[in-house]
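One letter stands for each residue in the lines below.
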Amino acid sequence: MKIFILKLFLPSILMISLNLGNTLMADSHEVHVVFQTGGDVLVAREFKDRFEKETKIKLSIEEIPGGNLYEKLVTEFITKSGAYDLVEFYPTWLGGFAEAGYLEPLDDLFEKYSSEIDPDDYLEGVQNAATVWKGKRYGIPYDGDVLIFYYRKDLFENKQYKKEFKNTYGYELMAPDTWDQVLDMAVFFDGREKGLKGIAMVSMRLWWAVGYWSSVYYAYGGRYIDENTGDIVLNRDAWNKANSVWLQMIKHAPKGVLNFGYTESKESIGSGKVAMGIQWATTVFVDPRQSSAHDKLGFAMMPGVKKADGSIYRAPPLPVGKVLAIPKSSSNKEKAFKFGTLLSSKEAQIWATVSGTGVDPNRRSVFEDSTVKGAWKDMISVYRSSLEIGVADIRVPNSAKYYDIISGELHSVWSGTKSSNDAFVDTLEEWKDL
Amino acid sequence: MNKKYIPYLLMLPIMVYTLLLIVYPLLFSAVLAFKKFDPISGLSLFNMKTVGFKNFIKIFGDNAFYESLFNTVEILIIGVLVQLIFSFLIALALNKKTTIYTGTALTLILTPLVMPMVASGLTWRMLFHIEYGAINGIISSLGFNSVNFLGDPSLVKASIILVDTWQWTPLMTLILFAGLKSIPEEIMEASKVDGANSLSTLLYITIPLLRWPILVALLIRITDAWKMFDYVEALTGGGPGYSSQTLSYYVYLKGFRRFELGQAASVSWIMLIIIYIVCLILVKILKPKTGESF
């Protein structure tokens, strides 16, 4: 009987022991880093071997699809398993994570390795500020995202089109300064050439699609939450105006724009199928390998709204971006920090920019680098200016909840199932409830 | 060892499994439904604040819940009915005459079943694509305007039903085909001798004798469709707006996007109670009386 029982349970015991052994072995000398799937992870992969060789620290890199990043990270943080040593995420979550005590403050490590990191080299402004919460630094700046405006230079410089446009609208056809002009131009170009549509932008039901829409909302003076007081400051007038502009844009966008994520929007702009587009500033569009319209595209700062004194008020959003942070539960904090700062170094940022990964720089020295200037071409000045005046995502705790609610409500407006005003009221009510 | 302990010992693994993976999560979620989860204090139920029925009150006051419920019911009723009709017709056709091709046909029909639901959803998302999708390619080549299957609120549920039907009609077909095969030849022959035509044989012999298989097929598909998540995630993300958001997707958003775990647990329990009642009614209606079953 004893032999029978032993036979019954022995395989299970062996399996469990083997698994336990593997887990312990893996934990003892590996730094486990987590990145969003896509271009972001390429920098980590590129610098992995060098880091392992120089430091004798073994790295394992895990990729998580962007749509599942939040749930995976929060689940890990709540269970405190210590499985992750360095994590990449969007700055919008930093306040909530820091407030909940999930992240390790990095001030001491930044001070210790200050000469190697050169923190003063990071551009001042929101990208850098996004790594700080209530006076403490929790993140390493990684990807400097900002939205800019793209247009088909060849169409905008076409003499016949310029003449026709001026005759119709009474002003010159050029990169638009205001959202009203964007609408005129979207109407003008929609169908003017075979397969050509007016404008493309991300309009899927996604949290960061709200950032795209915020290009208009911010310009009309709208904001979401006062970071200092935590008060909701939703602006009904700006909300309705922005939705009115967005709905007009949808009419002149490619079919199916309500399902446009980054890939679809990038494809429309990069292949020249639209006269205009809203998208992150990225070398992807000047890279002949990735954009067939690379020599036709012009770049401008996000349009705005004309003020009484005739000046234009612009407020380009800084949706998404990325920071690297270290979970409190990590047992390899310093090792993880070293790898994180390597990925945020001048060298890594230059490599990321020139290689077309979509991970964009935020160090002054990188902007001055000749290879980067060559890669960004005309876009570099637009990118840098936008980065300096950009408006950050919601950063207060519960930001993911705020975005989940507003993205659903806005999508109801864009798909015609709810009025803009009703969506405003519902969003406000639900936000207050949080 | 005393022989009387052996049965208990043999039952031990399944008992442990049931307690750990079924009973414990059920009890945990039942208590969680009356708690407010706080990310700082973690997952211990003892550290969570008890909020009574507040989670249920919040859910019943949320428009998105009713929209999700309506969408789920609509997709379930239309989808399962269509699948039942199709599968019944296919099973009858397969049963009509067994040839050397019957096995091949059945294998081909069953192919969608082996695909993971997420993979099916992503494949269909590409097929439905308004610009590059094969379906719209065919529609455009016939001279019609392309159809916005996943971006039009009036079409999106039909598109999900189509994918669900494509993947799950084979399962119902398999169950009904097995049911048809189990009907004794003598009964069919006796009905012919009594002068019954094809229609009356179908209505008074075949369908009544298929009540068990139909009940099983319906129960499997209704419970499955009730918790539909994969297609919604892969095809639409619940959009446009909330027009394709199902209850399971609503639970996911509450639980893993907003981490309102108490509310997510309360919706899960509401879902469980509703589907339990529906299944009981269905069994009551369709269950053959004693002596009718095979």
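Just so it is clear, the model here is predicted, and its values are computed rather than measured. (Residues numbered from 1 in each chain as written. Chains lettered and ligands numbered in written order. Predicted model: local features only at pLDDT ≥ 70, side-chain atom pairs only at ≥ 80, totals over all residues. Heavy atoms only, no water.)

## Examining the sheet that holds strand β10 (residues 297-300) of chain A
Residue and element names in this part refer to chain A. A sheet is described by the order of its strands in space; here four strands give the open sequence β8-β9-β7-β10, paired in mixed fashion. Only two strands of the sheet have a single neighbouring strand rather than two, namely β8 (197-200) and β10. For this sheet, the mean angle separating the axes of adjacent strands, direction not counted, is 20 degrees. Where β8 meets strand β9 (residues 274-280), three bridges bridge the pair, whose relative direction is parallel. Among the inter-strand pairings, K197 is bridged to a residue of β9, identified as V274. Packing of helix α11 (residues 209-219) onto the sheet brings it into contact with β7 (147-152) and β9, and relative to β9 it is tilted by some 110 degrees. Its contacts with the sheet place helix α18 (residues 379-389) against β7 and β10, and it is angled at close to 150 degrees to β7. (Pairing = 2+ DSSP bridges. Helix = DSSP H or I, 4+ residues; strand = E, 2+ residues; numbered from the N terminus. Axes fitted to C-alpha atoms, helices over the stretch in contact; angles between N-to-C directions. Contact = heavy atoms within 4.5 Å.)

## Re the domain arrangement of chain B
Taken domain by domain, chain B holds domain 1 (1-25) and domain 2 (55-286). The centre of domain 1 of chain B, based on its C-alpha atoms, is set 36 Å off from the matching centre of domain 2 of chain B. (Domains from an automatic or database assignment.)

## Re the packing of helix α5 (residues 117-128) of chain B against helix α7 (residues 156-181) of chain B
All names here are of chain B. It is at 11 Å that the axes of α5 and α7 come closest, and there the two elements cross at 130 degrees. On the basis of their axis angle, the class for α5 and α7 is oblique. Handedness of the α5/α7 crossing: right-handed. Here M117, S120, W124 and F128 of α5 lie close against α7, whose contacting residues are S159, L162, V163, W166, Q167 and W168. The residue makeup of the contact of α5 with α7, split by class, is seven nonpolar, three polar and no charged. (Parallel < 35°, antiparallel > 145°, perpendicular 65-115°, else oblique. Left-handed = near helix turned anticlockwise from the far one by under 90°. Nonpolar A, V, L, I, M, F, W, Y, C, P; charged D, E, K, R; others polar.)

## Let's talk about the environment of B:P116
Position of B:P116 among the secondary structure elements: in the loop between α4 (102-110) and α5. C-alpha separation for the pair B:P116 and B:L43, spaced 73 residues apart in sequence, amounts to 31 Å.

## Structural notes on the nonpolar core
If you look at the biggest cluster of nonpolar residues, it comprises 154 residues, and the most contacted ones within it are A:F89 and A:Y224. Core analysis: the second largest hydrophobic core is formed by 30 residues, A:I57, A:F110, A:L343 and A:V359 among them. (Core = buried A, V, L, I, M, F, W, Y, C linked by side-chain atoms within 4.5 Å. Buried < 20%, exposed > 50% of the residue type's maximum accessible area, 1.4 Å probe, protein only.)

## Thoughts on unusual backbone geometry
Note: most residues except glycine have negative phi, and most peptide bonds are trans. Following B:G239, the chain continues to B:P240 via a peptide bond in cis, the omega torsion being -5 degrees. Summarising the element assignment, B:P240 is placed in the loop between α11 (230-235) and α12 (247-257). Positive phi, close to 50 degrees, is recorded for A:K134, a residue that is not glycine. Note on placement: A:K134 falls in the loop between β4 (132-133) and β5 (136-137).

## As for helix α13 (residues 262-270) of chain A
Each full turn of the α-helix corresponds to 3.6 residues, which orients residues three or four apart in the same direction. Those residues of α13(A) that fall on the buried side of the exposure criterion are A:E264, A:S265, A:S268, A:I269 and A:G270. For α13(A), the secondary structure elements touched by its buried residues are β7, β8, β9 and β10 of chain A together with α5 of chain B. A:G272 sits one or two residues past α13(A) and shows a positive phi near 75 degrees.

## A look at the sheet that holds strand β1 (residues 30-36) of chain A
Remark on secondary structure: sheet strands pair via backbone hydrogen bonds, oriented parallel or antiparallel. Residue and element names in this part refer to chain A. Strand order across the open sheet formed by five strands is β2-β1-β3-β14-β6, with mixed pairing between neighbours. Here the strands that pair on one side only, and so sit at the sheet edges, are β2 (58-64) and β6 (139-143). Looking at each pair of strands side by side, their axes are set apart by 20 degrees on average, direction ignored. Here three bridges tie strand β3 (residues 86-89) to strand β14 (residues 322-325), and the two strands are oriented antiparallel to one another. Note on β14: the bridge partner recorded for F89 is V323. Of the strands in this sheet, β1, β2, β3, β6 and β14 touch helix α2 (residues 40-55), which is tilted by about 170 degrees from β2.

## Things to note about helix α10 (residues 211-226) of chain B
Here α10(B) spans 22 Å end to end across 16 residues, near enough to the 22 Å set by a 1.5 Å rise per residue. Contacts made by the buried residues of α10(B) are with α3 (63-96), α7, α9 (198-209), α12 and α13 (261-286) of chain B. (Expected span 1.5 Å × (residues − 1).)

## Here's the deal with the pairing of β6(A)
Residues and elements named next belong to chain A. Within β6, five of the five residues are buried, leaving the element largely enclosed by the surrounding structure. Bridge analysis of β6 against β14 gives four bridges, and the strand direction is antiparallel. Note on β14: the bridge partner recorded for G139 is A325.

## What to know about the interface of chain A and chain B
On the side of chain B, 36 residues touch chain A, which itself brings 37 residues to the contact. Carbon and sulfur atoms supply 53% of the area that chain A and chain B bury against each other, a total of about 3,100 Å² over both sides. At the junction of chain A and chain B, the tally comes to seven salt bridges. Inspection of the chain A/chain B interface yields eleven residue pairs in polar contact (both at pLDDT 80 or more). Of all the elements in the fold, those that place two or more residues in the side of chain A that touches chain B are α1 (2-29), α3 (69-79), α13, α19 (399-414) and α20 (420-433) of chain A. Looking at the side of chain A that touches chain B, the element that brings in the most residues is α19(A), giving eight residues. Taken together, the residues that form the side of chain A that touches chain B break down as 14 nonpolar, eleven polar and twelve charged. (Buried area = accessible area lost by both parts, 1.4 Å probe. Salt bridge = Lys/Arg side-chain N within 4 Å of Asp/Glu carboxyl O. Polar contact = N/O pair within 3.5 Å; in protein donor to acceptor, adjacent residues only side chain to side chain.)

## Examining the packing of α2(A) against helix α15 (residues 346-354) of chain A
Residue and element names in this part refer to chain A. The interhelical angle for the contact between α2 and α15, taken along N-to-C directions, is 130 degrees, at an axis separation of 10 Å. As summarised for this structure, α2 and α15 are arranged oblique, according to the angle between their axes. Both α2 and α15 take part in a crossing whose hand is right-handed. In contact with L42, V43, E46, F47 and R50 of α2, α15 contributes E347, A348, W351 and A352. Here the contact of α2 with α15 is built from residues that sort into six nonpolar, no polar and three charged.

## A word on the side chain of B:K35
Residue and element names in this part refer to chain B. Note on placement: K35 falls in strand β1 (residues 35-36). For the buried residue K35, which engages in no salt bridge, the nearest side chain bearing the opposite charge is D38, 12 Å off. Only 3.4 Å separates the side chain of K35 from the backbone oxygen of M48, close enough to count as a polar contact. If we ignore the near neighbours within four places in the chain, the residues touching K35 are L45, M48, K49, T50, V51, N55 and G262. (Lys, Arg positive; Asp, Glu negative; His and termini not counted.)

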